Number of protein chains: 2
Amino acid sequence: MDRIPILRMGDVLLVTIQVDLHDQVAMQLQNDLTTQIQRVGAKGVLIDISALEMVDSFIGRLIADTSSMSKVLDAETVVVGMRPAVAITLVELGVAMPGVRTALNVEKGMALLARSRLED
Amino acid sequence: MDRIPILRMGDVLLVTIQVDLHDQVAMQLQNDLTTQIQRVGAKGVLIDISALEMVDSFIGRLIADTSSMSKVLDAETVVVGMRPAVAITLVELGVAMPGVRTALNVEKGMALLARSRLED
């Protein structure tokens, strides 16, 4: 497994992170995601991390960076499925993830994206 | 990673298989999936295998079995994102996957599920 699949649903891209990301997979993901956003004109990105039992500062920063990149390409990022333990760790690590919105699950994330586009 | 996340989108459940499945993860997945179908009253299951570069007869049978289980619970299964090499392997292995419908990607799979429910 050298890349994480990006699923397209309308103008939203869904990324499910299931494996521990090391540098190369992470860079490939950012590369693939930005290319896809541009190609399909995506307006939103959902990153599902419900499979992650823990995170480190690398993943925290990766998500924050990916979100910033998407923003520049005019796509909003919502992180969904964060476990309580992960939220605790992120705060303890001081990885604030500014500009990243979160939702409980994919459905609520989709609703959040739809709402935020109505407001635009 | 001991279980594969199941994402709910309306009354469709989405499973993205990214890692090699060994026995225990596979059984856990079938267990989780059938529980979820029953709990949320799901009408469709999308299994995305776009990340799999190859399959063996174990995975072929797993998908066929999972599809049969869903059927009994009144949910239709669509396998999406199969790579050409995987299709070749499945036929060569003689894993026919009867009753499993396929679609090119998640979007087309969702459309297929929506259509087949209109016909019911």
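Use the structure listed above.
It should be emphasised that the depicted structure is a prediction, and the values quoted were computed from it without experimental measurement.

Thresholds, definitions, all that
- Residues numbered from 1 in each chain as written.
- Chains lettered and ligands numbered in written order.
- Predicted model: local features only at pLDDT ≥ 70, side-chain atom pairs only at ≥ 80, totals over all residues.
- Heavy atoms only, no water.
- Pairing = 2+ DSSP bridges.
- Helix = DSSP H or I, 4+ residues; strand = E, 2+ residues; numbered from the N terminus.
- Axes fitted to C-alpha atoms, helices over the stretch in contact; angles between N-to-C directions.
- Contact = heavy atoms within 4.5 Å.
- Buried area = accessible area lost by both parts, 1.4 Å probe.
- Salt bridge = Lys/Arg side-chain N within 4 Å of Asp/Glu carboxyl O.
- Polar contact = N/O pair within 3.5 Å; in protein donor to acceptor, adjacent residues only side chain to side chain.
- Nonpolar A, V, L, I, M, F, W, Y, C, P; charged D, E, K, R; others polar.
- Parallel < 35°, antiparallel > 145°, perpendicular 65-115°, else oblique.
- Left-handed = near helix turned anticlockwise from the far one by under 90°.

Draft legend 1. Local environment of the sheet that holds strand S3 (residues 44–48) of chain A. Residues and elements named next belong to chain A. One open sheet accounts for five strands, arranged S1-S2-S3-S4-S5; its pairing is mixed. The two strands at the open ends of the sheet, each matched to only one other strand, are strand S1 (6–9) and strand S5 (101–103). The mean angle between the axes of side-by-side strands here comes to 25°, regardless of whether they run parallel or antiparallel. As paired strands, S3 and strand S4 (residues 76–80) are joined by five bridges and run parallel to one another.

Draft legend 2. Region of the structure containing the interface of chain B and chain A. Contacts between the two partners involve 18 residues from chain B and, on the opposite side, 18 residues from chain A. Taking both sides of the interface into account, the surface hidden between chain B and chain A amounts to around 1600 Å²; carbon and sulfur atoms contribute 60%. Area buried by chain B at its contact with chain A is led by Leu7, Gln18 and Glu107 of chain B, which between them contribute 35% of it. Scanning the region where chain B abuts chain A turns up two salt bridges. Among the ionic pairs, Arg8 of chain B bridges to Glu107 of chain A, the shortest N-O distance being 3.8 Å. Summed over the shared surface of chain B and chain A, the result is four residue pairs in polar contact (both at pLDDT 80 or more). Contributions of two or more residues to the side of chain B that touches chain A are made by strand S1 (6–9), strand S2 (12–16) and helix H4 (106–119) of chain B. Sorting elements by how many residues they give to the side of chain B that touches chain A places S1 of chain B first, with three residues. The residue makeup of the side of chain B that touches chain A, split by class, is nine nonpolar, four polar and five charged.

Draft legend 3. Structural context of the packing of helix H1 (residues 23–40) of chain B against helix H2 (residues 57–72) of chain B. Residues and elements named next belong to chain B. Taken N-terminus to C-terminus, the directions of H1 and H2 make an angle of 15°; their axes are 10 Å apart at the nearest point. Considered as vectors, H1 and H2 are oriented roughly parallel to each other. Crossing of H1 against H2: the hand is right-handed. Along its contact with H1, which presents Asp23, Ala26, Gln30, Leu33, Thr34 and Ile37, the element H2 presents Phe58, Leu62, Asp65, Thr66, Met69 and Ser70. By residue class, the composition of the contact of H1 with H2 is six nonpolar, four polar and two charged.

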